[in-house]
Amino acid sequence: MTLEIVSASKCFGGTQYVCAHESAVTRCRMQFSAYVPPQATDRTVPVLTWLSGLTCTEENFTVKAAVQRHAAEHGLLVVAPDTSPRGANVADDEAWDLGAGAGFYVNATQAPWSAHYRMYEYVVDELPVVVSAGLPADMSRSGLFGHSMGGHGTLVIALRNPDRYRSVSVLAPICAPIQTGLGERIFGAYLGADRADWRAYDATELVKDGRNCAPILIDQGDEDEFFKAGAMKIDAFRAACEDAGQAITVRMQQGYDHGYFFVQTFMGDHVDYHAKALNG
């Protein structure tokens, strides 16, 4: 599989790349960013994969989250894929929360989405192969984190693949999409009308069904407009985790909203959290 280097910039002694490749899973060209720390000049290093939220590409996190300094300090290779397939032949929708930028990290089963929207399989199976083939990555030491829709994807993927990820954290995650109007609309479009099929992509339902993963760290701002509107369902997820014995830490952050200033503020904490597990 050929990896194209779209751009490369020196950063904190390492290199910030934007990469592209033709995906067999999404059947289109995919881009992802990869920060390679200075420690990778003579050895492979642990990999921390970030999943972004609605409307984002790989660029939002790369330029707004200020992750590079922390990754360089701890010697972590940080990968951030796009949030959906894109291109002239890829289905889209006029709404901001469906189609391009809104892949929701599911494998769509309904037309027209099923032809390209297979972001779950892309993140779990294809992206690690591409990264390990083209970059100095030790995929045996992998962590996963994300924000908002990407927090949803992080929790679902970690719970369904507990042997893949040594560390898991999220910021302002969508924890129980089945219980929200947004989740019903998106899952109905991508997965069809049978709600039983939706459970495989709902973190709260997965925990109730006995799935587990590495200890989970959650940060949530109490001035987050989506949180205040009831979209995140963190209390429902925490209750399910406590009932099931899934280790979880939820930190409510006073005065913070849903945006990238919130993400940037706590990025150092999250990278530190992962570094302890991946470098330990």
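Sequence order sets the numbering: in each chain, residues are counted from 1 along the sequence as written. Restriction of local features to residues with pLDDT of at least 70 applies here, the model being predicted, together with a cutoff of 80 or more for giving and counting side-chain atom pairs; totals for whole chains, interfaces and linings are based on all residues. Think of the side-chain values as coming from all heavy atoms in the structure, minus any hydrogens and water.

1. Side note on the pairing of strand 1 (residues 4-11)
As a reminder of what qualifies: Think of it this way: DSSP has to see at least two bridges between two strands before they count as a pair. Only DSSP runs of H or I with at least four residues qualify as helices, and only runs of E with at least two residues qualify as strands; both kinds are numbered from the N terminus onward.
In terms of strand pairing, strand 1 meets strand 2 (residues 14-23) through 7 bridges, oriented antiparallel. Counted as the bridge partner of Cys11 is Gly14 from strand 2. Joining the antiparallel neighbours strand 1 and strand 2 is a turn of 2 residues, in which Phe12 adopts a positive phi near 50 degrees.

2. Remarks on helix 3 (residues 119-134)
The criterion, for reference: At any given residue, the bend is defined as the angle formed between two axes, one fitted to the seven residues that end at that position and one fitted to the seven that begin there. Classification of residues uses two cut-offs on accessible area relative to the type maximum, computed with a 1.4 Å probe and protein chains only: under 20% is buried, over 50% is exposed, and between them is partly exposed. In this analysis, two residues are considered to be in contact whenever any of their non-hydrogen atoms come within 4.5 Å of each other.
At Glu126, helix 3 shows its maximal kink, close to 40 degrees; a proline, Pro128, follows between one and four residues later. Of the residues making up helix 3, those classed as buried are Met119, Tyr120, Tyr122, Val123, Val124, Glu126, Leu127, Pro128, Val130 and Val131. Along its buried surface, helix 3 packs onto strand 2, strand 3 (28-36), strand 4 (45-51), strand 5 (77-81), strand 6 (137-147) and helix 4 (149-160).

3. Considering the side chain of Asn161
Counting through the fold element by element, Asn161 comes out in the loop between helix 4 and strand 7 (167-171). Overall, the relative accessible area of 15% leaves Asn161 in the buried class. Those residues in contact with Asn161 that sit more than four places away from it in its chain are Tyr120 and Val124.

4. Considering the sheet that holds strand 9 (residues 248-253)
Applied cut-off: Axes here refer to lines fitted to C-alpha atoms; in helices the fit is confined to the stretch in contact. Angles between the N-to-C directions go from 0 to 180 degrees.
Strand order in the open sheet formed by 9 strands is 1-2-3-5-4-6-7-8-9, and the pairing between neighbours is mixed. Each end of this open sheet is capped by a strand with a single partner; those strands are strand 1 and strand 9. Across this sheet, the average inter-strand angle for adjacent strands is 20 degrees, counted without regard to direction. The sheet contact formed by strand 2 and strand 3 spans 9 bridges and is antiparallel. Residue pairing in the sheet places Val18 in a bridge with Ser33 of strand 3. Each of strand 4, strand 6, strand 7 and strand 8 (216-221) touches helix 4; the most contacted strand, strand 6, lies at about 135 degrees to it.

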